[in-house]
Amino acid sequence: MTEQFGACGRAAPPAAVSHPRACIDPVELADFAEALSALVSSGAENYGDGASIETLHHELARFEAFVTEATAAFEASEEWAADGAKTASAWIATRCRVPRGAARKRTRLGRTLRHLPRCAEAWRDGRIGSDQARAIASARRHRTEASMARDEEMLVSQAAAMGFEDFYRALSYWKQLADPEGADAADEDRRAARHVYLESSIGGMWLGQMTLDPVSGSIVSGELNRLEHDLFEADCAAARERLGRTPRIDELGRDGGQRRADALVEMATRSRTAPADGIRPAPLFSVLVGYETADSRGGCKKLSELL
């Protein structure tokens, strides 16, 4: 028994639902469900080792890719319209009980993957994850279609080889090269969206939130991470002296969040006590160059070489 759609795509009272007229053999899905149930029943605590975690994330990436491509096929079939739904994402949001925004994003991603065969294949094989696939798909716009068709294989290769943060930064450089005007407009929008909130609560604790553009965020994050690392080394030294051995992470005097909070306070303290004629660090800035400048042979260097 599942929900049916009524007028305007809203859920109607539950009613019986027949099997889709065109789908994978239900026995295969039943086998998958049975295997998954057996895995869950075996106890997640038995898979807390590094090798298992790596395998689980690899298979999770493959399954998410499969679900996303199946969602795109479901949208193309228009079977959802028979239930009175206005869109495939509206049907999924109601039947599968997921946020409408999430349903729309998955449907749109599945649709975009049709134009990104290398990305879809890498995701399906587990060589990249959902975050890398979404990032590459979001970089494909009207003004970057030609560049994406040329560089998709390179982007996928870099996504599979680099850490996500490094890849995302490199992809941002690629977008600047592929669409300088669009990148400039996006940078202006991100810069305008900067915001910091820090207020004292009733209990005296300070609560806050921070939104920074890429350049400003790099400046603040870089210094915050540097100071946090110094505090981490100090915590390790203190714990080593206390225990007489190399300490575990949970044996340190502070956790990561506490160290970052203390690092932020240290940044403010140093700013307040810095001499007025002190030397400021070199500024960060972005440089836009064409493909011919990036590579004297007229091609495009690997993104890792542009970092």
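Keep in mind it's a predicted model, so treat the numbers as computed, not measured.

1. Digging into the pairing of strand E4 (residues 206-211)
Then, in step 1: Counting buried positions along E4 yields zero of six residues, so the element is predominantly exposed.
Then, in step 2: Between strand E3 (residues 195-200) and E4, which pair antiparallel in sequence order, lie five residues; one of them, glycine 204, sits at a positive phi of approximately 95°.

2. Describing helix H7 (residues 145-161)
Then, in step 1: Compared with the 24 Å implied by 1.5 Å per residue over 17 residues, the 23 Å span of H7 between its first and last C-alpha is a close match.
Then, in step 2: Along H7, the helix axis deviates most sharply at aspartate 151, where the bend reaches about 60°.
Then, in step 3: Within H7 the residues assigned to the buried category are Ser147, Met148, Asp151, Glu152, Met154, Leu155, Val156, Gln158 and Ala159.

3. So, the packing of aromatic side chains
Any aromatic ring pair is given by two values, namely how distant the centres are and how the planes are angled relative to each other.
Then, in step 1: Enumeration over the complete set of coordinates arrives at three aromatic pairs.
Then, in step 2: For the ring pair phenylalanine 32 and phenylalanine 63, a centre distance of 5.1 Å and an interplane angle of 20° mean the geometry is stacked. Separated by 31 residues along the polypeptide, phenylalanine 32 in helix H1 (residues 26-41) and phenylalanine 63 in helix H2 (residues 50-77) bring together distant segments of the chain.
Then, in step 3: Look at phenylalanine 32 and you get partly exposed, because its relative accessible area is 40%.

4. What to know about a positive patch on the surface
Then, in step 1: Taken together, the side chains of Arg100, Arg104, Lys105 and Arg108 make up a positively charged region of the molecular surface.
Then, in step 2: By the secondary structure assignment, arginine 104 is in helix H4 (residues 100-113).
Then, in step 3: Given a relative accessible area of 45%, arginine 104 falls into the partly exposed group.

5. Some words on the pairing of E3
Then, in step 1: Bridge count between E3 and E4: six bridges; the pairing is antiparallel. Paired with valine 196 across the bridge in E4 is methionine 210.

6. Digging into the confidence of the model for the protein chain
Then, in step 1: Put simply, the protein chain has an average pLDDT of 84, and 79% of its residues get 70 or more.
Then, in step 2: For the protein chain, strand E2 (residues 11-15) is the element with the lowest average pLDDT, namely 41, and helix H5 (residues 117-124) is the one with the highest, namely 97.
Then, in step 3: Low confidence marks residues 6-22, where pLDDT is under 50. Its contacts with residues over four positions away, or in another chain, come to 31 contacts.
Then, in step 4: Contacts of residues 296-300 to residues separated by more than four positions or lying in other chains number five contacts, the stretch itself having pLDDT below 50.

7. Considering the pattern of salt bridges
Then, in step 1: Counted by the stated rule, this structure contains 17 salt bridges.
Then, in step 2: One salt bridge in this structure joins aspartate 131 and arginine 134, with 3.8 Å as the shortest N-O distance. A residue pair is termed a helical-turn pair when its members lie 3 or 4 positions apart in one helix, as aspartate 131 and arginine 134 do in helix H6 (residues 130-139) at three residues.
Then, in step 3: Salt-bridge contacts for glutamate 266 lead to arginine 270; the nearest nitrogen and oxygen are separated by 2.7 Å. On the criterion of helical spacing, the pair formed by glutamate 266 and arginine 270 is a turn pair, its members being four residues apart in helix H11 (residues 256-273).
Then, in step 4: Classification of glutamate 266 as partly exposed rests on a relative accessible area of 30%.
Then, in step 5: Ionic contacts of the salt-bridge type, sharing partners, join the residues Glu228, Asp235, Arg254, Arg259 and Asp262 into one network.

Rules used throughout
Each chain has its residues counted from 1, running along the sequence as written. This being a predicted model, a pLDDT of at least 70 is required before a residue's local features are given, and a value of 80 or more before pairs of side-chain atoms are given or counted; all residues contribute to the totals for chains, interfaces and linings. Hydrogens and water molecules were not included; the side-chain quantities draw on all heavy atoms of the structure. Residue exposure (1.4 Å probe, protein chains only): buried if accessible area is under 20% of the type maximum, exposed if over 50%, otherwise partly exposed. Segments assigned H or I by DSSP are reported as helices when at least four residues long, segments assigned E as strands when at least two residues long, and all are numbered from the N terminus. Two strands qualify as a pair provided that DSSP identifies no fewer than 2 bridges between them. One fewer than the residue count of a helix, multiplied by 1.5 Å, yields its expected span. Bend is computed residue by residue as the angle between axes fitted to the seven residues ending at the residue and the seven residues starting at it. Note on aromatic contacts: the rings of Phe and Tyr and the six-membered ring of Trp form a pair at centre separations within 6.5 Å, being stacked when their planes are under 30 degrees apart, edge-to-face when over 60 apart, and tilted otherwise. Within this analysis, patches are made of residues with over 30% relative accessible area and no salt bridge. Like charges are joined at 9 Å or less; nonpolar side chains (Val, Leu, Ile, Met, Phe, Trp, Tyr) at 5 Å or less. To be clear on the numbers: accessible area is Shrake-Rupley with a 1.4 Å probe, and residue cover counts the displayed protein chains and nothing else. Salt bridge, as applied in this entry: a Lys or Arg side-chain nitrogen positioned within 4 Å of an Asp or Glu carboxyl oxygen. When charges are counted, neither His nor the chain ends are considered; positive counts come from Lys and Arg and negative counts from Asp and Glu. By convention, charge coordinates are those of NZ in Lys, CZ in Arg, CG in Asp, or CD in Glu. Every residue carries a pLDDT, the predictor's confidence in it, which falls somewhere between 0 and 100. Any pair of residues with heavy atoms lying within 4.5 Å of one another is described as a contacting pair.

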